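Structural overview for review
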Amino acid sequence: MNESYKFENIPLPYGYNGLEPYIDGKTMELHHGKHLQNYINKLNALLEPYPYLQNKPLDWLVKYAYTLPEALKIPVAQNAGGVYNHFFYFEELSDNGNSEPAGEFKEYLEKYYPSFAELTANLASAALSVFGSGYAWLAINRRKAPVIVTTPNQMTTLTEDLYPLANIDVWEHAYYLKHYNDRAGYIADWFKVADWRIIGERFNALWQ
Ligand code: MN3
């Protein structure tokens, strides 16, 4: 996530219909083309009058938004968070079907979770527990242990010094057209399209 101003949307590595039947094409089209694009447009507009912020990478803006001038703090946190969280979310999904952790990532997780099913059950339970809009995350803490946490709205884990591996967007715009109020059904479907090979690459990149 080293991009900086002027931010542009990243094309999906799969078609809008690529995640069906788990996540429908219309939801993906609106989520990527409208919701994410709106965060990108707002972030660019916020940074446009501030050249000294235009070379800051996205993860810096997310992490240090609250050090910015008063008028920028909250809107930059919200919109940089919205861009970061969605780039992260769309990147980890794939049309290659279900997959599980492999290699060193699998061995690492096995030290902390008796089974992959237990990890996914805990992550699903966290996603279900989010009150209102937000995310559930699998992240790595400073002791290099995995943690499952939730964040409200467009907050990230970076401000907590937790390095994210995966996030489940549980804003209603992520699922309402297909799943209506059935968040649990959407979460189960998220696991059908989450690509643990990509999540494992994020894990590997943390130690380099
Ligand atoms: Mn979203």
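What comes next concerns the included structure. This one's a predicted model, so the numbers in the text were calculated from it and none came from an experiment.

Here we take up the pattern of salt bridges. Here the structure, examined in full by the defined rule, presents nine salt bridges. A salt bridge links glutamate 92 to arginine 202; its shortest N-O distance comes to 2.9 Å. Placement of glutamate 92 in helix H3 (residues 70-92) and of arginine 202 in helix H8 (residues 196-206) is noted, with a sequence separation of 110 residues between them. Taken as a pair, glutamate 92 and arginine 202 share a single burial class, namely buried. The partner of aspartate 161 in a salt bridge is arginine 142, and the shortest N-O contact between them spans 3.6 Å. Residue aspartate 161 is found in the loop between strand S2 (146-152) and strand S3 (163-169), and its partner arginine 142 is found in the loop between strand S1 (134-140) and S2; the two are separated by 19 residues along the sequence. Taking the relative accessible area as the measure of exposure, aspartate 161 reaches 22% and is therefore partly exposed. For arginine 142, a relative accessible area of 67% gives the class exposed.

Of note, alanine 71 is situated in helix H3. Under the relative-accessibility criterion, alanine 71 is labelled exposed at 60%. C-alpha of alanine 71 to C-alpha of leucine 46: the two residues are 25 residues apart in sequence and 9.8 Å apart in space.

The rules behind each value
Residues numbered from 1 in each chain as written. Predicted model: local features only at pLDDT ≥ 70, side-chain atom pairs only at ≥ 80, totals over all residues. Heavy atoms only, no water. Salt bridge = Lys/Arg side-chain N within 4 Å of Asp/Glu carboxyl O. Helix = DSSP H or I, 4+ residues; strand = E, 2+ residues; numbered from the N terminus. Buried < 20%, exposed > 50% of the residue type's maximum accessible area, 1.4 Å probe, protein only.

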